[in-house]
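# A look at the structure
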Amino acid sequence: MPGQPMPWPPPGPGHRKPKSKAGLVLVALVLVVLLIGAAGGGMYYFQLGPFGSKISADRKLEYVLQERFAANYRPTEGSDILTGHWWTDKYLVRSMPNQIVAYDLANGSTAYTVDTPNHGLCKASGQQSSKGYIAVLRGTRTQGCRQVTVVDITNGKVVWSKNLPPAGAPRPDLAGASYFPRLSHEPAILGDRLYIPTEKGTHILKVSDGSTIGTPPDPKEGKCYTTYVDVIDTTGFAYRNCSRHGGREGLHLTAFNPAGKPIYQWKLPVVGKRPWMLAGVLSANPLVVRAYNQQQSQIWRVDPKTGKHNVVVDLYRISRGPAPGDPCAIAGSDGLYDCPGQLVANDVLYLQHRLGASTRSTELRQGIAAYDVRSGKQLWLREWGEDHDVTPPIGVDGDGAPVVYLLPKEKDPGAVVRVDPANSGKMTAIATLPKAKRPDSRSLIASPEPGGLAWHNNRLAFLRIQINVKDAGDDATTILR
């Protein structure tokens, strides 16, 4: 249970816990305070546990691996962005500077490394095929991502590698970076198909051998073309531009099955002269998307049969006030980006929610909010208390309940925490972490990166994703079980 009580509004500076005395039995109090939330009529909760107690759980995680970058590490082009990571029965496999590296989950040893030159800035597929194949784009900031390599992560072998032709270029010999995948483009795997998007259209290859299935259309034909692709479970999504003269008034989201057959197509609305655009798909069924225009940012539930949508969350921007967290990692313009900061389950959306500062601290706290995706109503808002922060959902437990990470603070350790959706988000620590070997702000345990935290089969992984020269010698990968 969480620590010291913190009602809403929180107590003033004079609030103190009682001093311990010999022979005095301290009775542990557990209190839940509810207030009607200002937004959507949801419930606000905080929890409190025994005075002066530390966070405890029946299980304590132990280190399997704590690897750091080399002290002389220098990114080739000033920085590396290493988002790719995958789980197998034996390994955690991840992108590292110009390599794919597998770590043995049993003992933390390096099982294999695969050289992937010029992979520091280009992305890899978020999915793996049924055979354990993943796709890695390679290239440079100025030239774009012009090569693709497919790796079998079950054994660390390269399956195939090839150069990509320019997409829709009138003269291939003069094609610049815009005709190839940008640094924000992520390849996607569904069935035996590998989708590699560009701003001019999408290459479709067989993931097993790299043979061509489909090519981007000739821009002179004036056809719709796909600029981003994502896959959620067994459904693919293509973000398509059917606008004339390079505008944004004809944007569509097309869902397709593993054979590439369209399931439905939804045209994004245009209000006046302001087209709505997408930043990501959060859920396939129900269809939940992150949409925005020049003035608004929202999360929608969409009925693809009617084309109608309802607003689930308004991502209003308040610099210091309470606000729901943006779940998507947007990189520049619109597209289908990773949205790791959320979970949709049983028609409920779970988001990290920024709370106001307490009287004990000027820092803003982070809790969890739940929203009914059908009505857009906020069901509840929960924080741990004691000025502790929790991350967005990092996975689910065996019952499908959201799991979040509770950041360490002062003498309290970090913890893996179960959020009970049937009990208004009540938080229970299911495992605690040992003290960080580096108890400073550069420790991944103390400061995990967005999208760099995963809970899988009772294993917790911390990954440093956005890397620059200042990260030389810092934590790169940490695994606990």
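Read on for a plain summary of the structure. This structure is a prediction, so every number in the text was calculated from the model and none was measured.

## Some remarks on the overall build of the chain
- For the chain, the helix and strand inventory stands at 0 helices and 38 strands.
- Here the chain holds 481 residues, and the buried ones make up 52% of them.
- Sequence separation of at least 24 residues holds for 49% of the intrachain contacts in the chain that already meet a minimum separation of 6.

## Some remarks on unusual backbone geometry
- With omega at 5 degrees, the peptide bond leading from Asn285 into Pro286 counts as cis.
- Within the element layout of this structure, Pro286 appears in the loop between β22 (277-283) and β23 (287-292).
- If you check the backbone angles, Asn118 has positive phi at about 60 degrees while not being a glycine.
- Inspection of the secondary structure assignment puts Asn118 in the loop between β8 (110-115) and β9 (133-140).
- Phi at Asn457 is positive, roughly 50 degrees, even though this residue is not glycine.
- Within the fold, Asn457 resides in the loop between β35 (453-456) and β36 (459-463).
- Overall, Asn457 belongs to the exposed group, its relative accessible area being 58%.

## Remarks on the pairing of β36
- Here β36 lies mainly inside the structure; 4 of its 5 residues are buried.
- Bridge count between β35 and β36: 4 bridges; the pairing is antiparallel. The partner of Ala454 across the bridge, within β36, is Ala461.
- The antiparallel pairing of β35 with β36 creates a hairpin that spans 2 residues between the two strands, and Asn457 there sits at a positive phi of about 50 degrees.

## Description of the pattern of salt bridges
- Inspection of every chain in the model, using the stated rule, returns 10 salt bridges.
- Note that Arg418 and Asp399 form a salt bridge whose closest N and O atoms lie 4.0 Å from each other. Of this pair, Arg418 sits in strand β33 (residues 415-420) while Asp399 is found in the loop between β31 (395-396) and β32 (402-406), placing the two residues 19 residues apart along the sequence.
- Overall, the relative accessible area of 22% leaves Arg418 in the partly exposed class.
- What emerges from the salt-bridge pattern is a single network uniting Asp397, Asp399, Arg418 and Asp420.

## Quick notes on the state of the cysteines
- One pass over the structure, following the stated rule, counts 3 disulfides.
- Here Cys122 engages in a disulfide with Cys145; their sulfurs sit 2.1 Å apart. Between Cys122 and Cys145 the disulfide shows an S-S torsion of about -95 degrees. By sign, it is left-handed. Of this pair, Cys122 sits in the loop between β8 and β9 while Cys145 sits in strand β10 (residues 144-152); the two residues are 23 residues apart in sequence, bridging distant segments of the chain.
- Overall, the relative accessible area of 0% leaves Cys122 in the buried class.

## What to know about the side chain of Thr432
- On the secondary structure map, Thr432 appears in strand β34 (residues 426-432).
- According to the relative accessible area criterion, Thr432 is buried, its value standing at 8%.
- Ignoring anything within four residues of it in the chain, the contact list for Thr432 reads Ile55, Ser56, Ala57, Arg59, Lys60, Leu61, Pro413, Gly414 and Ala415.

## Concerning the packing of aromatic side chains
- Scanning all chains against the criterion turns up 8 aromatic pairs.
- On the basis of an interplanar angle of 55 degrees and a centroid distance of 4.7 Å, the ring pair of Trp276 and Trp300 is categorised as tilted. Pair noted here: Trp276 is in the loop between β21 (274-275) and β22 and Trp300 is in strand β24 (residues 297-302), with a separation of 24 residues, a long-range link. There is no split in this pair, since Trp276 and Trp300 are both buried.
- Counting every residue linked through ring pairs, the aromatic cluster contains Trp266, Trp276 and Trp300.
- Its guanidinium or amino end placed over the ring of Tyr179, Lys200 lies 5.3 Å from that ring's centre, counting from NZ or CZ.

## Description of the sheet that holds β9
- Spatial strand order, β9-β10-β11: 3 strands in an open sheet with antiparallel pairing. Unpaired on one side and paired on the other, β9 and β11 (157-163) mark the two borders of the sheet. Taken pair by pair, the neighbouring strands of this sheet meet at an average axis angle of 25 degrees, ignoring direction.
- Judged from the 6 bridges that link them, β10 and β11 form a sheet pairing that is antiparallel. Paired with Val148 across the two strands is Lys162, which belongs to β11.

## Observations regarding the nonpolar core
- In terms of nonpolar packing, the biggest core is built from 24 residues, with Phe237, Leu253, Leu278 and Val289 touching the most fellow members.
- Elements with a contribution of two residues or more to this core: β16 (225-232), β17 (235-241), β18 (251-256), β19 (262-267), β22, β23 and β24.
- Setting aside chain neighbours within four positions, we find Leu278 in contact with Tyr239, Leu253, Trp266, Leu268, Val289, Arg290, Ala291, Tyr292, Asp334, Gly335 and Leu336.
- Counting 17 residues, the second largest nonpolar core, distinct from the first, contains Tyr73, Val101, Leu463 and Ile479.

## Notes on the side chain of Ser443
- On the secondary structure map, Ser443 appears in the loop between β34 and β35.
- Here the side chain of Ser443 touches Ile445 through a polar contact of 3.2 Å, landing on its backbone nitrogen.

## As for the sheet that holds strand β5 (residues 85-87)
- Strand order in the open sheet made by the 4 strands is β5-β6-β7-β8, with antiparallel pairing throughout. For this open sheet the edge positions go to β5 and β8, each flanked by a neighbour on one side alone. On average, each strand axis in the sheet is inclined to that of its neighbour by 15 degrees, with strand direction left out of account.

## Here we look at the environment of Tyr179
- Among the structural elements, Tyr179 can be located in the loop between β11 and β12 (188-190).
- Taking relative accessible area as the criterion, Tyr179 reaches 18% and is therefore assigned buried.
- Linking Tyr179 and Pro165, residues 14 residues apart in sequence, is a C-alpha distance of 8.5 Å.
- Dropping the residues within four chain positions of it, Tyr179 is found in contact with Pro165, Pro166, Ala167, Gly168, Ala169, Pro170, Thr198 and Lys200.

Rules of the game
By convention here, each chain's residues receive numbers from 1 onward along its written sequence. A pLDDT threshold of at least 70 governs which residues receive local features in this predicted model, and a stricter bar of 80 or more applies before side-chain atom pairs are shown or counted, although totals over entire chains, interfaces and linings include all residues. Computation of side-chain values covers all heavy atoms of the structure but excludes hydrogens and water. In this description a helix means any DSSP run of H or I spanning at least four residues, a strand means any run of E spanning at least two, and both kinds are numbered starting from the N terminus. Buried residues are those whose accessible area, probed at 1.4 Å on protein chains only, stays under 20% of the maximum for their type, while exposed residues exceed 50% and partly exposed ones sit between those limits. Should any heavy atoms of two residues lie within 4.5 Å, those residues are considered in contact. Should DSSP find at least two bridges between two strands, the strands are taken to pair. Here, a salt bridge means any Lys or Arg side-chain nitrogen found within 4 Å of an Asp or Glu carboxyl oxygen. Pairs of cysteine sulfur atoms within 2.5 Å are what we label disulfides. Classification of ring pairs uses Phe, Tyr and Trp, with its six-membered ring standing for Trp, and accepts pairs whose centres are within 6.5 Å; under 30 degrees between planes counts as stacked, over 60 as edge-to-face, and the remaining range as tilted. Criterion for a charge above a ring: Arg CZ or Lys NZ at most 6 Å from the ring centre, at most 35 degrees from the ring normal. Where helices are involved, their axes are fitted lines through C-alpha atoms of the stretch in contact, as for all axes, and angles between N-to-C directions lie from 0 to 180°. Put simply, buried Ala, Val, Leu, Ile, Met, Phe, Trp, Tyr and Cys residues joined by side-chain atoms within 4.5 Å make one nonpolar core. Polar contact is the term for a pair of N or O atoms within 3.5 Å; when the atoms are in protein, one must be able to donate a hydrogen and the other to accept it, and sequence-neighboring residues count only if both atoms are side-chain atoms.

The analysis is restricted to geometry; functional conclusions fall outside its scope.
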